[in-house]
Amino acid sequence: MPGKPFDVSLGIRHLVCGSCNGCEHEVNALGAPQYDSTQYGYDIVASPRHADVLTVTGPMTEAMRDPALATRDAMAEPRIVVAVGDCAIGTGAWCNAGSAGAGAGGELDAEVHVPGCPPTPDAIIRGLHEAARLLDLRAGRKR
Amino acid sequence: MPLRAMQRDGRLLGAFADAERRHYLGLVDGAIRDVQLSRDGQSMAAEFPMLAIDEREMVEQYGISLDGLPKDLVVEGRGLTTFVVGPVHAGIIEPGRFTFHSGGESIVHLEAQFGFSHRGVESFLEGRDAVASAWHVARICGGCSVARSWSYARVLESFHALAIDEASEFARMICAELERAYNHIFDLGVAAAGAGYGFGLTRALELKERFARINARAFGHRYLFDAVLPGGIRAESLNDRRALRSDLRALRDDVEKFAEQLFGHHELMSRFSRAGVLPYETAVAFGAVGPALRASGGTFDVRCDASYGRYAQISPIRATAHDGDVASRVRVKYDELRESMRLIDVAFDELGDRPIPLPQHVRAIAGDGSAMTEGPRGAEILSLRTDQQGRVQRLHVISASYRNWPLVTRAMEGNIVPDFPLVNKSFNLCYACGDR
Ligand code: SF4
């Protein structure tokens, strides 16, 4: 976990790949004053071009596969994908349904997996801390 | 019964197909009727435009051929600009694609394309035990999980003519009204955000979070998944009622303070008024349900007009408005939110100290039926047919969002492009339960 507040900044783009919306409740809750992820320097940004982290939810649907890959590939390196929720990590309700994949996280090479149906906002923030740590390693930064 | 008579004496709800035929659902005298037509044949959408999306789905998913199915509008003209947004958006929202045709700043026509969240949930459940599928049904959409689970439970219970005890029914009512409340408070916030009033969203998120925590304490899940079950309700944690009620009262007071700030904000209200007007006639022609209908002068509310649970005993006061604009929809949602808080209070009074029994055992058996529950966005309809072993043969969901989406596009006509987020968020419909 990062030490002092504001010693890290993450731009986060969120992508829904067939989620039921439950996970979006909790990603939205990061903006509630009770959690306020901006206190860690984590902010939701409008474009993948601005993002360091891609959070993804859902099992992946056929219709979202190409837009999702294009979104991830639009991000600059180093970047990291965080799978949020059981569907995204491959154990959720709709994994392998007729028009669904086995988890958006697996398909987009997620390196951080946050379980839960949906995961609590605290769990998502822990996932983001982990993403920040991995990005630092990748950039050769120490903290 | 022909559809025309169904529409005259009641209301059309929607349609779907299975391997053998087409089913058209309508509500007549408080009961859902299923009018069946041959697989291929005449489209009903030419006469009942609300059915165009249902019939297109039949064609796409069941390969049915229908004569006279209205075609997509082709929009062309000098000076028109066409641009496409989505399925990836800038916010934390679900995927949809919107094609705007605008003349200058004004929207001439808006098309919405869906299906990006299509997982194939209905066919996935075919062949599975119908009772065990309740867990999946709760996860078709996270914004109306309770309403859908309640519809599903009622269909399965009807197969056994199973009666639910009074205490469980009051607990279900508390649960469903909590779902409405947390949705509506969030909707007030996103509507404010749609007009650029960030404080409104932050404050609404704070209040929504307090609802989520109360939900978890009362029913074991922050968004009330798996609370309403076939045979009863999982409310073992609805024990500390005194503390829950006092927290709910404090929350209600803070919701009211927030509403005073919102509705007292002159500039905000002037942005809300006359934006995204949905005329009554359009709302009715396209089968609008829920707050979207009631803000345009309609009155239909499943809790009052096709009552279930204990709603006949504690009947909700309908919230209505007549302008059909963003201001009306926001107002109706706030009035409903307040009414939900009152219903929760009355239900707690009725419940008293009675314990809530564990759910009765329900076995999956053969049956065929539909049920409808008033969710936060309107009527949440579910049809189920099972085989002799109690396995799902056909499950179909007609969600309130599915019914209402075509109205969002119509409400946008003549509005300026930058007002799309505002108008859209004043409906705040889901995609997951429409795409399925
Ligand atoms: S993990 Fe649960 S809450 Fe999240 S999308 Fe899947 S079913 Fe919905």
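Residues numbered from 1 in each chain as written. Chains lettered and ligands numbered in written order. Predicted model: local features only at pLDDT ≥ 70, side-chain atom pairs only at ≥ 80, totals over all residues. Heavy atoms only, no water.

Points about the environment of B:Ile344
All names here are of chain B.
Phase 1 of the analysis: Among the structural elements, isoleucine 344 can be located in helix H13 (residues 326-351).
Phase 2 of the analysis: Looking at isoleucine 344, the relative accessible area reads 3%, which means it is buried.
Phase 3 of the analysis: Through-space distance from the C-alpha of isoleucine 344 to that of alanine 306 is 20 Å; in sequence the pair is 38 residues apart.
Phase 4 of the analysis: Excluding its chain neighbours within four sequence positions, the residues that come into contact with isoleucine 344 are Ile174, Glu177, Leu178 and Leu248. (Helix = DSSP H or I, 4+ residues; strand = E, 2+ residues; numbered from the N terminus. Buried < 20%, exposed > 50% of the residue type's maximum accessible area, 1.4 Å probe, protein only. Contact = heavy atoms within 4.5 Å.)

Things to note about the nonpolar core
All names here are of chain B.
Phase 1 of the analysis: Counting 98 residues, the largest nonpolar core has Leu178, Phe211, Phe219, Leu238, Phe272 and Met372 as its most contacted members.
Phase 2 of the analysis: Of all the elements, helix H6 (residues 166-194) adds the most residues to this core, at 14 residues.
Phase 3 of the analysis: The residues contacting methionine 372, other than those within four sequence positions of it, are Leu13, Leu27, Ile32, Ser151, Arg154, Phe300, Val302, Ala306, Tyr308, Ala379, Glu380 and Ile381. (Core = buried A, V, L, I, M, F, W, Y, C linked by side-chain atoms within 4.5 Å.)

Some remarks on the site of the ligand
Phase 1 of the analysis: Surrounding the ligand, one finds A:Ser19, A:Cys20, A:Gly22, A:Cys23, A:Gly85, A:Asp86, A:Cys87, A:Gly116, A:Cys117, A:Pro118, B:Arg139 and B:Phe225.
Phase 2 of the analysis: At the site occupied by the ligand, nearby residues are drawn from chains A and B.
Phase 3 of the analysis: Of all the secondary structure elements, the ones that give two or more residues to the shell around the ligand are helix H1 (22-29) and helix H3 (86-89) of chain A.
Phase 4 of the analysis: Taken together, the residues of the shell around the ligand break down into six nonpolar, four polar and two charged. (Near = heavy atom within 4 Å. Nonpolar A, V, L, I, M, F, W, Y, C, P; charged D, E, K, R; others polar.)

Points about helix H14 (residues 400-412) of chain B
Residues and elements named next belong to chain B.
Phase 1 of the analysis: Counted at 1.5 Å a residue, the expected span for H14 with its 13 residues is 18 Å, and the 19 Å between its end C-alpha atoms agrees.
Phase 2 of the analysis: Of all the bends in H14, the greatest measures close to 25° and is centred on proline 406.
Phase 3 of the analysis: All buried positions along H14 are accounted for by Ala400, Ser401, Tyr402, Arg403, Asn404, Trp405, Pro406, Leu407, Val408, Thr409, Ala411 and Met412. (Expected span 1.5 Å × (residues − 1). Bend = angle between axes of the 7 residues up to and from the residue.)

Some thoughts on the pattern of salt bridges
Residues and elements named next belong to chain B.
Phase 1 of the analysis: The tally for this structure, following the rule as stated, stands at 41 salt bridges over all chains.
Phase 2 of the analysis: The residue aspartate 301 makes a salt bridge to arginine 294 at a minimum N-O spacing of 3.8 Å. We note that aspartate 301, like arginine 294, is buried.
Phase 3 of the analysis: Residues arginine 294 and glutamate 374 are paired through a salt bridge, measuring 3.0 Å at the closest nitrogen-oxygen approach. Taken together, the positions of arginine 294 in helix H11 (residues 290-294) and glutamate 374 in strand E11 (residues 367-375) put the pair 80 residues apart, joining distant regions of the chain. For the pair arginine 294 and glutamate 374, one class covers both residues: buried.
Phase 4 of the analysis: One connected set of salt bridges, linked through shared partners, spans Glu177, Arg180, Arg294, Asp301, Arg303, Glu336 and Glu374. (Salt bridge = Lys/Arg side-chain N within 4 Å of Asp/Glu carboxyl O.)

Quick word on the packing of aromatic side chains
Residue and element names in this part refer to chain B.
Phase 1 of the analysis: The tally for this structure, following the rule as stated, stands at 16 aromatic pairs over all chains.
Phase 2 of the analysis: Following the ring pairs from residue to residue traces out a cluster consisting of Phe83, Phe98, Phe100, Phe114, Trp405, Phe420 and Tyr431.
Phase 3 of the analysis: Its guanidinium or amino end placed over the ring of phenylalanine 124, arginine 128 lies 4.1 Å from that ring's centre, counting from NZ or CZ.
Phase 4 of the analysis: Geometry around phenylalanine 263 places arginine 331 over its ring, the cationic atom sitting 4.4 Å from the centre. (Phe/Tyr/Trp six-rings, centres within 6.5 Å; stacked < 30°, edge-to-face > 60°. Lys NZ or Arg CZ within 6 Å of the ring centre and 35° of its normal.)

Some points on the pairing of strand E2 (residues 21-28) of chain B
Residue and element names in this part refer to chain B.
Phase 1 of the analysis: Of all eight residues making up E2, seven are buried, and the element is well covered by its neighbours.
Phase 2 of the analysis: Where strand E1 (residues 11-17) meets E2, six bridges bridge the pair, whose relative direction is antiparallel. Note on E2: the bridge partner recorded for glycine 14 is leucine 25.
Phase 3 of the analysis: Between E1 and E2, which follow one another and run antiparallel, lie three residues.
Phase 4 of the analysis: Here eight bridges tie E2 to strand E3 (residues 31-38), and the two strands are oriented antiparallel to one another. In the strand pairing of E3, leucine 27 is matched with isoleucine 32.
Phase 5 of the analysis: The loop that links E2 with its antiparallel partner E3 comprises two residues; one of these, aspartate 29, has a positive phi angle of about 50°. (Pairing = 2+ DSSP bridges.)

A word on the environment of B:Pro95
Phase 1 of the analysis: Along the chain, B:Pro95 turns up in the loop between strand E6 (81-85) and strand E7 (97-103).
Phase 2 of the analysis: Between the C-alpha atom of B:Pro95 and that of B:Leu27, which follows or precedes it by 68 residues, the distance is 32 Å.

Brief notes about the domain arrangement of chain B
How big an interface is tends to be reported as the loss of accessible area on association of its parts.
All names here are of chain B.
Phase 1 of the analysis: For chain B, the assigned domains are domain 1 (3-67), domain 2 (80-113) and domain 3 (141-392).
Phase 2 of the analysis: Taking the mean C-alpha position of each, domain 1 and domain 3 sit 27 Å from one another.
Phase 3 of the analysis: Counting residues at the interface gives eleven residues for domain 1, matched by 15 residues for domain 3.
Phase 4 of the analysis: Contact between domain 1 and domain 3 buries roughly 1000 Å² in total, counting both sides, with carbon and sulfur atoms accounting for 66%.
Phase 5 of the analysis: Three residues, Arg11, Ile32 and Met50, lead the burial of domain 1 against domain 3; their summed loss comes to 41% of the area buried on that side.
Phase 6 of the analysis: As a salt-bridge pair, aspartate 18 and arginine 385 come within 2.8 Å of each other at their nearest N and O atoms.
Phase 7 of the analysis: Counting across the domain 1 and domain 3 interface gives one residue pair in polar contact (both at pLDDT 80 or more). (Domains from an automatic or database assignment. Buried area = accessible area lost by both parts, 1.4 Å probe. Polar contact = N/O pair within 3.5 Å; in protein donor to acceptor, adjacent residues only side chain to side chain.)

Some remarks on the interface of chain B and chain A
Phase 1 of the analysis: Taken residue by residue, the interface counts 40 residues in chain B and 40 residues in chain A.
Phase 2 of the analysis: In total, about 3100 Å² of surface goes out of reach between chain B and chain A, with carbon and sulfur atoms giving 64% of it.
Phase 3 of the analysis: Sorting the residues of chain B by area buried against chain A places B:Val88, B:Ile92 and B:Arg119 first, and these three jointly supply 23% of that buried surface.
Phase 4 of the analysis: Between chain B and chain A we count one salt bridge in total.
Phase 5 of the analysis: One salt bridge connects B:Arg222 with A:Glu26, and the closest N-O pair in it is separated by 2.5 Å.
Phase 6 of the analysis: Where chain B touches chain A, the interface holds 18 residue pairs in polar contact (both at pLDDT 80 or more).
Phase 7 of the analysis: Sorting the residues of the side of chain B that touches chain A by element identifies helix H3 (121-125), helix H4 (134-137), H6 and helix H7 (198-219) of chain B as the ones contributing at least two each.
Phase 8 of the analysis: Here the residues of the side of chain B that touches chain A are counted per class, giving 20 nonpolar, eleven polar and nine charged.

Regarding the packing of H6(B) against helix H15 (residues 420-427) of chain B
Residues and elements named next belong to chain B.
Phase 1 of the analysis: For the pair H6 and H15, interaxial distance at closest approach is 8 Å and the crossing angle is 170°. Judged on the interaxial angle alone, H15 and H6 are roughly antiparallel. Side by side, H6 and H15 meet where Asp187, Val190, Ala191 and Gly194 of the first sit next to Pro421, Leu422, Lys425 and Phe427 of the second.
Phase 2 of the analysis: Each residue belonging to the contact of H6 with H15 can be placed in one class, and the counts come to five nonpolar, one polar and two charged. (Axes fitted to C-alpha atoms, helices over the stretch in contact; angles between N-to-C directions. Parallel < 35°, antiparallel > 145°, perpendicular 65-115°, else oblique.)

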